[in-house]
Structures are given as C-alpha cells and as structure tokens.
Amino acid sequence: MRHDGFDALLREHAGLLSRIAASYEADPALRDDLLQDMSLALWRALPAWRGEAPLRAFVARVAHNRGATHVLGQMRRPAGGELDDQVPEPRDGPEGHAENEQRRMRLQAAVRVLPLALRQAVTLAFEGFSHAEIADTLGVTAGSVSVRLHRAKAALKALLGEQT
Amino acid sequence: MTSHDSDWTQWGQLWREQPAADPSRLLRQVARKRWRMRAMVAVEALGTCVAFVQCLRMYDIASWRWRAWGGLMLLFVLAMQALYLHIRRGTWRASGSDVHSLLALTLRRAQAGIRLARLNLWSTVALAAFTLLVAWPELEPGRWEADPRLRLTLLMQFVVNTPLIVALVAVCAWYIRRQKARIARMRTWLASGHDGGEMG
C-alpha cells in the first residue's frame, strides 16, 4: 500500500484534494504548495487508516486538518465578509462556458470568505458527504453540522446573491 | 424541491466541476518533497555525529580543562535530547482523528515548540557563559597577544560563533512570538467549539 497504493489513492482523490485546497488558499502558487503538503500528510497518515471510515472520508479529514493548520499558521487574518474584487462578475451572452467558469470562481471565493468551521462543513457537503460523515470527519455532533450548513447557506446566499 | 435546496444542489455541482490538479505532476512533487525530508533528517544525523566526534577529539588534542568541557558537552547533548523528548510528551499522536482532535494536537505542539525554543535560548546563553568561563585563561590579553595561533583561533571562534548565537536568539524570539499568536487564535477557535466563530 505504501507506494503503489498511495499513487493510486492520490490519482483517485486528486480532485477532492484540489477542491479542498482551493477552499483554503486563493493564491495559485500557495495553493499548489498546500496541495503538496496535504498529499504528504496523507502519505504519512495512510498507515493509520484501518478501514473504520470510508477512505474518501479519511482523505478529506487529513486534507482539512492540513488546510486548517495552514489557515491558523497565517499571521495575517484573511479578509472576510466581502468577495475578492478581482473575481470577475458573470456576464450575459452566449459564452456559457466562460460564464460557468466565472460562477465557479465566485463560488470558490465565497467559500473562502466563510469562517473556517462553516467552510469545512460546506466543502464536505458539496462533495456529497452525509451529515453523519461530516460530523465524524470534523469531530462534532450531527446537530452542529446542521447548524453550520444552515448558516453557511445563508452566508453563501448573501455573498453570491442572485448570481447563483 | 425548494429554491434553497436548488441553490445547494447547483452550488455542489458547480463545486465538483472545478478542475483537478494533474495527479502525475502532484506525485512527482510529493516524491521530491519526501526526498528532501529524508535528506534533512540525514543532514541532522550527520551534524550530530560530527558534534559527537568533535567532542571525542577534544580528549586527544586538548588540555584537561577542554577535555572536561568536551565531556560535559557530551552530557549536555544527552540531557538536551532527554529534555526534548520530555517536552514533546503528548505531542506525537492526537486523541482522535477528527479535525478538532488534530487541531488540539497542533495546539499542544505549538506550546511544546515554545518550550523547546526557550530551552534552546537559555541553554545557548548558559553554554556560551560556561565556555567563556572555561576559556578564561586563554582570553587573558597577555596570552593571546604573545601567541598568534591562539589569537587566530579566538578570532575564528568569535567570528563564527557570535553571528550563530545572535541568529539563534533572533530566530527563537521570532518563533516564540509567532507561535504565541498562533496559539491565541487556536484557543479562541477551540474554545468557541469552532461553531461558526470568526476565524478566517
């Protein structure tokens, strides 16, 4: 499992890891570093996985832990409350693909603005994790997950408004 | 389906459509980092071996004072290693594998890091003071003024060790300040049960 297994695991979950990294870091170069750190953390943690939780949940847990420590390690407090001005507004017109890309970027930026606790819950929910799985991954109760997701929905609604 | 659920489904779909990193490139980067980590451990081990051999060499080439200093340095290295292990108790493994437990572990590690930095700081000061005390006879102007070789040795020691000590003190002070700020943020977040606190 150590090398071939890890390579296969990384190939299978590269998308999940990329998205979790994107929820913690806006700068592409720093995000790339964070993604590598998450992968390394996963490589170190993998021998501890005993199959008690689904592998996907285990990967998400390790990645979120690394992401959270990345945020806590930052000296400056990331700007909150408003979306980055550089994120383009979606445009009307036939360029459906470009518009979709812009909407995705706005969603990414909005998720990054959320407080850490809400951000973790919401990214896991977007990945299709159940409330119970999110609770298990974050070490909180299912009730707390519901509260977080409710707050996150309201916050995302406010941040994205009619653009969704 | 309510508009709220519809938003949620739409967001989830949009989120999952994000482009993923190239797994092959990621694997190469991770492999490089793993080798760098191994190289770092090898360099640290080599450094310890060199320091150990240098202490042993003291027995062949130096006076009884410096032989005693070398012996005490060996004990000092062992004592420091024991203290490092003592301080790091409870920082090896989290009580659980959820994010909350792992962050609590990160908090304990940051606290242990501060204790280690303080230990390094004060042990360096104590080591420098003790070494100066042992070197006192060689530091008398009458000795080094008459002996060009001793003068060169003392000058080299001063030129090499002074910046190292100043750098170590500066790095430890910076590290302690950084970890304290980090601990304050983590405590706020953990105390709030990380239930929608304001941590970015």
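Residues numbered from 1 in each chain as written. Chains lettered and ligands numbered in written order. Predicted model: local features only at pLDDT ≥ 70, side-chain atom pairs only at ≥ 80, totals over all residues. Heavy atoms only, no water.

## Considering helix α7 (residues 142-160) of chain A
Residues and elements named next belong to chain A.
Argument step 1. Taking 1.5 Å of rise per residue, the 19 residues of α7 would be expected to cover 27 Å, and the 26 Å separating its terminal C-alpha atoms lies within 8% of that figure.
Argument step 2. Of the positions making up α7, those classed as buried are Ser144, Val145, Arg148, Leu149, Ala152, Lys153, Leu156, Leu159 and Leu160.
Argument step 3. Directly beyond the C-terminal end of α7, a positive phi value near 55 degrees is found at Gly161. (Helix = DSSP H or I, 4+ residues; strand = E, 2+ residues; numbered from the N terminus. Expected span 1.5 Å × (residues − 1). Buried < 20%, exposed > 50% of the residue type's maximum accessible area, 1.4 Å probe, protein only.)

## Structural notes on the nonpolar core
Argument step 1. In terms of nonpolar packing, the biggest core is built from 65 residues, with Phe6, Leu42, Phe126, Ile134 and Leu156 of chain A touching the most fellow members.
Argument step 2. Examining the composition of this core, we find that 9 residues originate from one element, helix α3 (residues 55-73) of chain A, more than from any other.
Argument step 3. By size, the runner-up hydrophobic cluster in this structure holds 8 residues, among which are Cys55, Met58, Val134 and Ala135 of chain B. (Core = buried A, V, L, I, M, F, W, Y, C linked by side-chain atoms within 4.5 Å.)

## Considerations on the pattern of salt bridges
Residues and elements named next belong to chain A.
Argument step 1. This model, assessed by the stated rule, comprises 8 salt bridges over all chains.
Argument step 2. Across the pair Arg61 and Asp136 runs a salt bridge whose closest N-O atoms are separated by 3.4 Å. Of the two residues, Arg61 is situated in helix α3 and Asp136 in helix α6 (residues 131-138); the sequence distance between them amounts to 75 residues.
Argument step 3. Take Arg61: its relative accessible area is 5%, and that puts it in the buried class. (Salt bridge = Lys/Arg side-chain N within 4 Å of Asp/Glu carboxyl O.)

## Here we look at the environment of Phe76 of chain B
Argument step 1. You can see Phe76 of chain B is positioned in helix α3 (residues 64-87).
Argument step 2. Taking the C-alpha atoms as reference points, Phe76 of chain B and Ser123 of chain B, 47 residues apart in sequence, are found 9.2 Å from one another.

## With respect to the packing of α6 of chain A against α7 of chain A
Each pair of packed helices gets described by two things: the angle between the helix axes and the distance between those axes.
Residue and element names in this part refer to chain A.
Argument step 1. Running from N to C, α6 and α7 point in directions that differ by 105 degrees, and their axes come no closer than 8 Å. Considering the angle they form, α6 stands roughly perpendicular to α7. Facing α6, whose interface residues are His131, Ile134, Ala135 and Leu138, α7 presents Ala142, Val145, Ser146, Arg148 and Leu149. (Axes fitted to C-alpha atoms, helices over the stretch in contact; angles between N-to-C directions. Parallel < 35°, antiparallel > 145°, perpendicular 65-115°, else oblique. Contact = heavy atoms within 4.5 Å.)

## Details of a nonpolar patch on the surface
Argument step 1. Together, Leu152, Leu155, Met156, Phe158, Val159, Val160 and Leu164 of chain B line one region of the surface with nonpolar side chains, adding up to about 710 Å² of accessible area.
Argument step 2. On the accessibility criterion, Leu164 of chain B (55% relative accessible area) is exposed. (Patch = residues over 30% accessible without salt bridge, like charges linked within 9 Å, V, L, I, M, F, W, Y side chains within 5 Å. Areas by Shrake-Rupley, 256 points an atom, 1.4 Å probe, with all protein chains shown as cover.)

## Focus: the packing of aromatic side chains
Argument step 1. According to the stated counting rule, one finds 5 aromatic pairs over all chains in the structure shown.
Argument step 2. A ring pair is formed by Trp49 of chain A and Phe58 of chain A, whose centres lie 6.4 Å apart and whose planes are at 45 degrees; its orientation type is tilted.
Argument step 3. According to the relative accessible area criterion, Phe58 of chain A is buried, its value standing at 7%.
Argument step 4. Judged by centre distance (5.2 Å) and plane angle (50 degrees), the rings of Phe126 of chain A and Trp8 of chain B are tilted. Within this pair, whereas Phe126 of chain A is found in helix α5 (residues 116-126), its partner Trp8 of chain B is found in helix α1 (residues 3-16), the two belonging to separate chains.
Argument step 5. Among the aromatic residues, those joined into a cluster by ring pairs are Phe126 of chain A together with Trp8, Trp11 and Trp15 of chain B.
Argument step 6. Taking NZ or CZ as reference, Lys153 of chain A lies 5.0 Å from the ring centre of Trp8 of chain B, over its face. (Phe/Tyr/Trp six-rings, centres within 6.5 Å; stacked < 30°, edge-to-face > 60°. Lys NZ or Arg CZ within 6 Å of the ring centre and 35° of its normal.)

## Describing the confidence of the model for chain A
Residue and element names in this part refer to chain A.
Argument step 1. The share of residues in chain A with pLDDT of 70 or more is 80%, and the mean pLDDT across the chain is 80.
Argument step 2. Here helix α4 (residues 96-113) stands out as the element of chain A with the lowest mean pLDDT, 83, in contrast to α7, whose mean of 91 is the highest.
Argument step 3. pLDDT under 50 marks residues 75-82. Its contacts with residues more than four places away, or in other chains, come to 13 contacts.
Argument step 4. Confidence over residues 85-92 falls short of pLDDT 50; this stretch has 18 contacts with residues more than four positions distant or in other chains. (pLDDT = per-residue confidence, 0-100.)

## Describing the side chain of Glu25 of chain A
Residue and element names in this part refer to chain A.
Argument step 1. Along the chain, Glu25 turns up in the loop between α1 (4-24) and α2 (28-45).
Argument step 2. Under the relative-accessibility criterion, Glu25 is labelled buried at 7%.
Argument step 3. Not counting chain neighbours up to four residues away, the residues in contact with Glu25 comprise Leu30, Arg31, Leu34, His70 and Arg112.

## A word on the confidence of the model for chain B
Residue and element names in this part refer to chain B.
Argument step 1. Per-chain confidence: chain B averages 78 in pLDDT, with 82% of residues scoring 70 or above.
Argument step 2. Every residue in residues 195-200 scores below 50 in pLDDT, and together they form 21 contacts with partners more than four places removed in sequence or on other chains.
Argument step 3. On the interface metric, ipTM, the complex scores 0.76, and its pTM is 0.61.

## Points about the environment of Leu27 of chain B
Argument step 1. By the secondary structure assignment, Leu27 of chain B is in helix α2 (residues 23-61).
Argument step 2. Note on Leu27 of chain B: relative accessible area 11%, which makes it buried.

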